[in-house]
Structures are given as C-alpha cells and as structure tokens.
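Letter by letter, the chains look like this.
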Amino acid sequence: MRNMFGRSLFGRSWLIAVFIFLYIPIVTLVVYSFNDSRLSTVWTGFTFKWYVDASHDRELIDGLIISLKLAFMSATLSVIFGTFTAFVLVRYGRFKGRGLLTSMANAPLVMPDVIVGISLLLMLVALQKWLGFPERGIGTILLGHALIGTSFATVVIISRLREIDLRLEEAAMDLGCKPFQVFWLVTLPLIASALVSAFLLTFTLSFDDVVIAAFLSGPGSTTLPLVIFSRARLGLDPSINAVATVIIVVVSIGVIASSLYQLRAERRRQREVADAYAQGKS
Amino acid sequence: MASVTATTDREVLLKIDGVSKIFDGVVKAVDNVSLSVKKGEIFALVGSSGCGKSTLLRMLAGFETPTSGRIYLSGQDITDLTPYERPVNMMFQSYALFPHLNVWDNVAFGLRRDGLKGAELAERVDAMLSLVQLSKYGKRKPHQLSGGQQQRVALARSLAKRPTLLLLDEPLGALDKKLRETTQLELVNIIEQVGVTCVLVTHDQEEAMTMASHIAVMDEGYFLQVGTPDEIYETPNSRFVAGFVGNVNIFEGKVDEDEPDHITVICPECTHYVGHGITGTSGMRVAVALRPEKIQLSSVQPNKNHNWCAGEVVEIAYLGPHTTYHLKLKTGMVLKVQQPNLTRKMADDLTWGDHVFAHWTRDAMVVLTE
Amino acid sequence: MRKQSIMPRLRRLFTVRNLVIGIPMIWLFALAAAPLLLVLNISLAHMEVTSVSSLWHWADNELTLKFNFGNYLYLGEDSLYFDTYVSSLKFAALTTLYCLIVGYPFAYFISRAPEHLRTMLLMLVMLPFWTSFLLRIYAWKALLADNGVVNNGLMGLGVIASPIHMMHTSFSLTIGMVYAYLPFMVLPLYATLVKLDGRMLEAAADLGASPFKTFWLVTVPLTKRGIIAGSLLVFIPAFGEYVIPELLGGPRTLMIARVLWDEFFSNNDWPMASAVTIVMILLILVPMALFNRYNDETRLGEKS
C-alpha cells in the first residue's frame with residue numbers, strides 16, 4: 001500500500017512540482033536582483049548595482065529601521081499579553097467572562113486585516129477627537145500589530161501550556177512555592193521555547209504587515225512593507241528585489257539553522273533517554 | 001468510618017476527622033472518612049481507580065479542600081493551610097521531576113524556598129543524594145536517568161525538607177514489575193531510616209501489603225476495612241475486601257449451627273465447619289471465603305462430613321513455585337486451588353479431566369456477613 | 001465556623017486572580033471588542049461633513065435614539081456591493097478548492113515519505129511562510145507580466161508565439177491566492193495524515209479494497225478534520241484578502257476588501273465603510289460557527 005501510493009513516481013513528481021510552484025517566485029526575486037536591466041524582465045547581465053542603490057535609498061533604509069523597531073516592540077507586547085491570555089484561559093478554569101475573553105482572543109485570527117485596520121482607525125480617530133491623542137504614528141501601528149500578535153502568541157502558548165503536566169506545578173507548590181513563584185520558577189521555564197516561537201512568529205507578522213500599517217500609520221512612520229507596497233503597485237523595482245534577497249537570505253539562514261539545532265537537540269535527547277534506560281536495565 | 005485500633009502506644013501524628021469531598025455539588029469522592037495514623041507508621045490507602053484514595057491524599061497535601069471535616073497534623077488543624085504552608089511533602093505519581101533542572105537543583109528546590117543557601121544547602125542536598133545513592137548523578141537532567149533513578153530523585157526531593165508527613169502517590173506505578181519488587185524494599189528501608197511517617201496510595205494490594213504497616217481498603221469514598229496486612233488478608237470483613245486483596249473462593253450458604261466457638265454453614269457445594277463464631281443467627285445467609293492456597297487436593301475421598309468437595313480439573317496454570325488448578329464442582333462453581341510445588345514436576349501429576357477431592361481445615365475459611 | 005476561616009482567604013485569592021484575568025481582558029477589550037462595537041455604532045449613523053452623526057440625543061429629559069439603516073439598505077440595492085460580496089466568496093471558494101486539490105496529495109505524499117525526509121520537507125513548506133508574504137506576491141508580477149518570466153520561457157521554448165496576457169486577470173489573482181494560502185491547507189492536512197494508522201489502510205487492503213477505494217473510503221473520512229480546518233484557514237483570510245487583489249488582480253476581479261479600502265480612503269464615507277465591514281464580519285462568522293459546532297460535536301463524540 002505504502003509503496004504503491006507513497007513512493008511512486010506520481011508521488012515524487014507531485015511533490016517536486018508543488019515545491020517548484022512554492023519556490024519559483026522566491027528564486028525569481030533573487031535572480032532578478034542581479035539583473036542589469038531595469039525596465040525589462042529579460043536577463044541582460046549580472047550586476048550588484050541594485051544593492052548599492054538600495055543601500056543609498058533613504059526611504060527603504062528608514063522603512064527597514066522603523067519596521068525592525070516596530071516588529072521588536074510588537075513581538076514583546078504580544079508575548080507578554082499572549083502569556084497572560086493563555087495562562088488565564090488554560091489555568092483559571094471557569095470564570096465570568098471566559099467566553100468573552102476566548103472570542104476576543106480568537107477574533108483577530110479570523111478578521112481580515114482590513115477590518116482590524118478600519119475598526120482600530122475609527123476608534124483612534126474618535127479617541128483623538130475626545131482626548132486629543134494619540135497622534136497616528138509608530139505607536140498606533142504598534143497597537144494594531146500587538147493586537148494581532150497577542151492572538152497568535154496566545155494560540156502558540158496555549159498549546160504548550162496544555163502539554164505541561166499539572167503535577168509539576170503542584171510539586172513546586174508542595175515544595176513551598178507561592179503561586180507567583182510557581183509561575184516564575186516552573187511554568188515560565190517550561191514554556192520558554194513556546195515564548196521564543198511566539199516571539200519569532202509575531203515579529204514576522206509585524207515585519208510583514210501592510211494593511212494595518214496603511215490604516216494606522218502617520219507621517220514619519222512609513223514601514224518597509226508600506227514602501228515596498230507603494231512601489232510594487234506602480235510596477236517592478238529592482239531595488240526591492242535586492243532588499244527582498246537580503247531578507248530571504250537572512251530569514252532562510254535563521255530558519256534552517258534553528259531547525260537543524262532543534263533536530264540535533266531532539267536526537268541528542270532521545271539518545272540520552274535510551275542510554276539511561278539501557279543503564280537502568282543492567 | 002472505621003478507625004485504627006491502638007496497637008502500640010505511640011502518639012497519633014495524623015488525624016482525619018469525618019472528612020468528605022464532594023465535587024461539583026454531586027460527586028462524592030470521599031465520604032465521611034476518619035482515620036488516625038501513628039508516628040513512624042507507613043499507612044497505605046488501597047483501592048481501584050476512582051475509589052477516592054487519590055482525592056484523600058490530595059486533601060492531605062492541600063491541593064483539595066475538604067467539603068466537610070477536619071485534618072489535624074501533630075494536633076494542629078491544617079485543613080485550611082495551602083500546600084506551601086504545610087510540613088507535608090509528596091512524592092508524585094510519575095515523579096513530576098522538574099525537567100529544566102538537574103538532579104541536584106531538583107533536590108535543592110524545596111530547601112531554597114526555605115531560604116537555605118551556600119554550604120548549609122549543599123550539605124543537606126548532598127546528604128539526600130547519598131541517602132538515595134545518587135551522589136554521582138547531581139549534574140544530570142531527569143531525562144538522562146533510568147526510571148529507578150528518577151524514582152529515587154523524587155524520593156530525595158520529597159524528603160529533603162524533612163517533612164512531618166510524607167505522601168507517596170503510586171510510588172512504583174511507573175516501574176516495570178521486576179524492578180518494582182527490589183525498589184519496594186529499598187523504599188521502605190530509606191523511609192524507616194529517616195523515620196518519617198508516611199501515607200501511601202496504591203492500586204496494587206501486593207505493594208500495599210509489602211510496604212505498609214497498616215492498610216485501609218477504599219471503595220466509593222468509604223473505608224471498607226482498616227487493619228494490618230495480615231488482618232486484611234486473613235480476616236477480611238466483606239466480600240469486596242476478600243476479593244480485592246488476593247484470590248478467593250466464595251461459597252454462598254446458610255448458617256445451620258451457631259455456637260460461640262464454631263458454626264456450620266450449608267452451601268450447595270458442601271457443608272462448612274468453621275472454627276470461629278459470628279455475630280449472627282442461625283438461618284442467616286452468609287458467604288464463606290476460602291483462599292486457594294489453603295485448600296489441599298487428594299485422590300481419595302476425605303473421611304469427614306464437611307470441609308471437602310469433589311471436582312474435575314478444568315484448568316491448570318503452572319507458575320513455577322506453585323500451580324493453580326481450577327476445579328469444576330457439581331454445582332458448576334469453579335474452585336481455585338493453589339498447590340505448592342514441593343517436588344519437581346512429575347509425569348503422574350494431576351491433569352485435565354482428573355476427578356479429585358479438595359479439602360481444607362476448620363481454620364482455613366472466614367465467614368462474611370457483608 | 002468554617003465559613004469564617006475560609007472567606008478571608010478566598011477574598012485574598014480572588015483579588016490576585018481577578019487582576020491576572022483583568023490584564024488580558026482589558027487589553028483585548030480595548031483593541032478587539034471596543035473598535036468593533038464602534039464600527040457597528042458608526043454603521044448605523046450617517047456622515048455629517050467631517051464627522052459621524054451621533055446615534056443618541058439627549059434633550060428636554062428625553063433620550064432619542066436614531067438608527068440609520070440606510071447604509072445597509074443601500075448595500076442591498078447597489079449591485080456593486082452585492083456583486084463584490086459574491087465575487088469575493090467565489091474567489092475564496094475557488095482558492096480553497098484549488099488548495100485542496102493541490103495540497104491534499106502533496107500533504108499525503110509528505111506524510112508517507114521516510115521519516116528523516118519528512119522533517120526536511122515540512123521545513124521547506126514552512127520556509128516561504130517565514131519570508132515576507134508581500135515580497136512573494138510581488139515576485140509573481142515579474143513572473144506573470146506580458147514580458148515576464150513565464151511568457152519569455154514559453155516563447156523561448158516555442159510553445160506560444162505571442163505573450164499570453166495573464167497579469168491583472170482572475171487567473172493571476174487565483175494563482176497568487178493559491179500560492180499564498182497553500183501552506184495553510186497543507187499543514188493541518190499533514191497533521192491528520194501523519195497520525196493516520198498505516199495498519200488501518202492495510203486492513204482495508206486486506207479486506208479487499210482497491211487502493212483508490214481505500215483512499216476514498218478510509219483515508220479521506222479519517223482526515224475530515226484536517227480538510228475542514230485547512231479549508232477554513234484558507235477560505236476565511238482569502239475572503240478578506242486585500243494585498244493580492246491589489247497587486248495581482250485587475251479592474252474586473254472584484255474583492256470586497258478593495259472596495260472597502262476605496263470606500264474608506266477615496267470616498268471618505270465612514271458609515272458606509274462600517275456597514276460593509278459589519279456585513280463582512282457576519283459572512284465570516286457563518287463558516288466559523290459551523291466549524292465550532294463541528295468541533296464540539298466531534299469532541300463530544302470522542303468522549304462518549
């Protein structure tokens with residue numbers, strides 16, 4: 001059965017075809033960042049000039065810096081609030097407003113970005129009229145990104161919290177920990193890996209977002225995706241390809257390195273468990 | 001319900017007074033239980049899963065609050081104390097060792113919460129590790145240890161704070177059968193060495209009998225019987241206890257003669273002449289419990305009027321030290337008989353289809369009125 | 001007696017507990033719930049020069065509430081809105097279908113690959129997901145343009161004589177959407193497929209089912225959860241997608257998010273934009289509710 005279906009020629013071709021589909025745009029982006037011609041998508045020769053151009057492009061560089069700052073702050077807020085939300089939903093059992101909290105945490109996952117952007121903008125405008133602040137800028141984009149991020153972080157952290165053996169927390173309490181110490185000394189270290197994943201995920205979400213930023217940005221808060229988006233609307237720009245290539249290389253190295261690290265750590269762990277077991281038998 | 005009768009005059013350490021636990025307003029997990037445990041005793045709560053033993057243990061640890069009743073430790077009411085305020089420590093089922101801490105830090109965890117530091121801390125932790133013979137393993141993480149070693153770390157961790165009361169939740173449940181037997185004795189040795197009073201929860205009656213000085217058999221939130229292991233085994237007070245602890249044959253019958261020093265019970269299979277009196281009347285319906293190892297087999301008909309019956313061998317299970325036979329009696333009842341293998345297995349031993357006579361003495365059985 | 005001793009403790013416990021509950025509650029209410037309530041509020045108002053009319057009015061000890069359902073009525077009357085909703089649903093449904101057709105065999109073959117390969121293949125599926133979504137969509141512009149990579153390639157091979165017009169059509173929009181959302185379909189499908197017990201398939205084969213029948217009668221029903229989860233993960237965001245239609249779609253490929261954007265930024269009609277938003281939310285809630293009910297039912301089914 002397995003051999004008939006899983007490792008057939010058909011199976012292999014399907015896998016390869018879909019992977020080509022997934023990777024061809026990325027490869028094109030990279031290849032054309034080295035293409036000499038500006039106007040045409042025809043290959044005319046190899047060049048680094050778009051990288052030089054991009055490095056002198058104030059708009060792109062400023063956008064990059066803003067986006068990195070924003071993503072860092074958004075990921076931090078998301079992980080903090082995501083941890084609170086997940087902890088309350090997993091550990092606090094029944095309480096008044098549980099259903100409300102669940103739906104509020106889930107809503108941004110299913111709401112289109114356009115809706116999140118519009119609704120937040122309308123609220124900020126109303127607030128501004130009423131209180132005189134906040135001005136639209138990085139801060140207001142941050143609110144939008146941190147909202148989306150909180151929801152995604154909550155999902156990641158909830159699934160880890162559910163895995164943790166409750167007896168570990170009981171054991172800590174039994175050995176003299178007050179509830180806050182239990183969280184700080186046992187729960188937090190155990191969900192640390194999920195916090196890191198949530199941080200990376202929410203960082204990426206913020207670094208990638210165009211729509212919410214478009215609604216909530218103000219003067220001086222043009223993020224990198226906003227710059228790219230406004231240029232992409234007009235047509236093709238090889239400087240964007242250069243920036244894209246840098247981003248792709250950095251991200252790929254990061255992702256591949258971390259998966260290799262995880263794979264190794266997991267293998268080492270399995271070996272140690274097997275060793276300990278064998279030793280216990282003898 | 002029942003409480004332990006004083007066997008020694010040691011002081012009572014733990015007193016459970018009419019404790020009940022009702023979940024969600026309806027589910028009675030523990031139902032009006034009272035119990036005293038003396039200092040230095042190892043006390044076992046046995047029962048099948050869902051009988052309330054774990055809930056009772058969790059109330060002793062402070063993870064659950066009783067719906068009613070009080071718990072006293074060394075005379076002090078601890079019912080409303082949180083787990084971290086009680087001088088009680090627990091060794092958890094499947095150990096609950098902190099996976100992010102090494103062995104040393106696991107053992108040091110509780111001591112650090114008491115503010116111990118430096119040389120004093122090191123001394124206490126090292127002493128604990130050497131007690132459980134894991135001095136060399138301090139730097140290892142829990143997953144780098146075998147099941148038996150993990151169990152000893154868990155024990156060291158729960159003993160490190162020198163608790164007044166040690167709770168053991170299925171202490172050997174995660175070990176395989178062979179390891180369990182040696183570990184049982186090891187565990188008892190360490191506990192006795194430290195001299196800590198101990199309440200142990202297990203579903204394994206053999207484990208309870210080997211380790212504990214007193215046992216409470218629980219079912220549906222009640223204590224069915226509380227006593228020493230031999231009391232529970234030799235004089236069970238109900239069909240449930242007799243069946244739960246070890247193997248048993250139950251004959252249903254009616255009391256015929258009712259004298260202070262003996263009674264006779266007439267059953268469809270045979271007439272029992274029992275060498276002890278009961279609190280009951282003649283004509284009362286009772287059950288006679290007879291352990292398989294207290295029955296003997298012979299090929300000739302016994303020369304007495306009671307305490308024997310004839311049957312056909314329908315099943316033989318050779319277990320090495322002894323063999324278990326199933327005899328089918330004329331009423332259709334199957335009688336389990338266990339025979340020690342005093343000699344090596346012989347060709348002329350009993351085999352399937354053989355007709356034999358089973359007989360036993362007047363002191364072999366116990367009459368159950370419940 | 002007992003109550004007296006436990007009440008102070010409970011009270012102490014409840015304040016800390018409520019504080020911890022309160023933090024995410026307030027944060028999410030301020031950012032998720034309040035803005036949506038405001039949108040609902042505005043959708044029932046009408047535009048007054050530079051601001052939105054107030055729904056309630058207090059004068060002479062009398063509270064007057066004025067709801068303006070005109071925006072919603074207009075949504076029903078104007079065929080542009082209706083057509084756009086329909087067209088958005090259509091594109092989202094097509095995207096979901098294509099993702100399923102491409103993604104199911106893909107996930108199946110990955111789940112049946114040798115174990116050491118599986119991790120790597122999965123990483124390869126995830127990798128584009130971590131790199132910028134916007135840039136990957138942008139890349140399709142270079143691929144599908146009249147003088148783009150695909151046309152040049154096909155002409156170079158002699159398959160076609162003149163470029164096929166692909167950009168800014170429903171074709172480019174659909175391919176961009178399938179491309180962007182394929183991983184969302186593959187991952188939940190993979191998760192259910194990999195858990196599939198190989199012995200069950202062997203049992204079906206042993207009982208005389210052909211490979212195709214086994215697949216249809218055993219594999220597909222057992223992975224229903226993955227199919228439903230994956231479909232929703234594609235359908236819902238595809239329905240409200242803005243960036244892909246903006247970059248790859250054309251004037252004739254109507255998507256609701258673009259109309260909403262224009263209503264908001266170009267026409268400045270906030271009450272109208274709010275009404276469009278509310279209807280969009282309602283349309284999303286239907287599949288969500290169905291999914292939740294299905295989830296509850298299967299959970300209950302597993303318990304009993």
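Higher on the page you've got the structure.
This text gives an overview of the structure that appears in the document. (Residues numbered from 1 in each chain as written. Chains lettered and ligands numbered in written order. Predicted model: local features only at pLDDT ≥ 70, side-chain atom pairs only at ≥ 80, totals over all residues. Heavy atoms only, no water.)

The next thing to look at is the sheet that holds strand β7 (residues 165-169) of chain B. All names here are of chain B. In space, the six strands of this open sheet follow the order β6-β7-β8-β3-β9-β10, with mixed pairing throughout. Each edge of the sheet is formed by a strand with only one pairing partner; in this case those strands are β6 (88-91) and β10 (222-227). Sheet twist, expressed as the mean angle between neighbouring strand axes with direction ignored, is 20 degrees. Inspection of the sheet shows β7 paired to strand β8 (residues 197-202) by five bridges, in the parallel sense. Pairing of Leu168 across the sheet is with Leu200, part of β8. Packing of helix α5 (residues 177-194) onto the sheet brings it into contact with β3 (42-46), β7 and β8, and relative to β7 it is tilted by some 165 degrees. (Pairing = 2+ DSSP bridges. Helix = DSSP H or I, 4+ residues; strand = E, 2+ residues; numbered from the N terminus. Axes fitted to C-alpha atoms, helices over the stretch in contact; angles between N-to-C directions. Contact = heavy atoms within 4.5 Å.)

What follows concerns the sheet that holds strand β15 (residues 296-298) of chain B. All names here are of chain B. Strand order in the open sheet formed by five strands is β15-β19-β16-β17-β18, with antiparallel pairing between adjacent strands. Every interior strand has two partners, whereas the edge strands, β15 and β18 (334-340), have only one. On average, adjacent strands in this sheet sit at an angle of 45 degrees to one another, irrespective of strand direction. In the sheet, β15 pairs with strand β19 (residues 355-359) via three bridges, with the strands oriented antiparallel. Each bridged residue has a counterpart across the sheet, and for Leu297 the counterpart in β19 is Ala358.

Moving on, we get to the interface of chain A and chain B. Taken together, the contact between chain A and chain B spans 24 residues of the former and 29 residues of the latter. Summed over both sides, the interface between chain A and chain B buries roughly 2,400 Å², with carbon and sulfur atoms accounting for 59% of that surface. When the buried area of chain A at its contact with chain B is split by residue, Arg167, Asp174 and Leu175 of chain A rank highest and sum to 29% of it. Between chain A and chain B we count one salt bridge in total. Along the contact surface separating chain A from chain B lie nine residue pairs in polar contact (both at pLDDT 80 or more). Secondary structure elements with two or more residues in the side of chain A that touches chain B: α8 (166-174), α9 (179-208) and α12 (238-281) of chain A. Among the residues making up the side of chain A that touches chain B, the classes are represented as 13 nonpolar, four polar and seven charged. (Buried area = accessible area lost by both parts, 1.4 Å probe. Salt bridge = Lys/Arg side-chain N within 4 Å of Asp/Glu carboxyl O. Polar contact = N/O pair within 3.5 Å; in protein donor to acceptor, adjacent residues only side chain to side chain. Nonpolar A, V, L, I, M, F, W, Y, C, P; charged D, E, K, R; others polar.)

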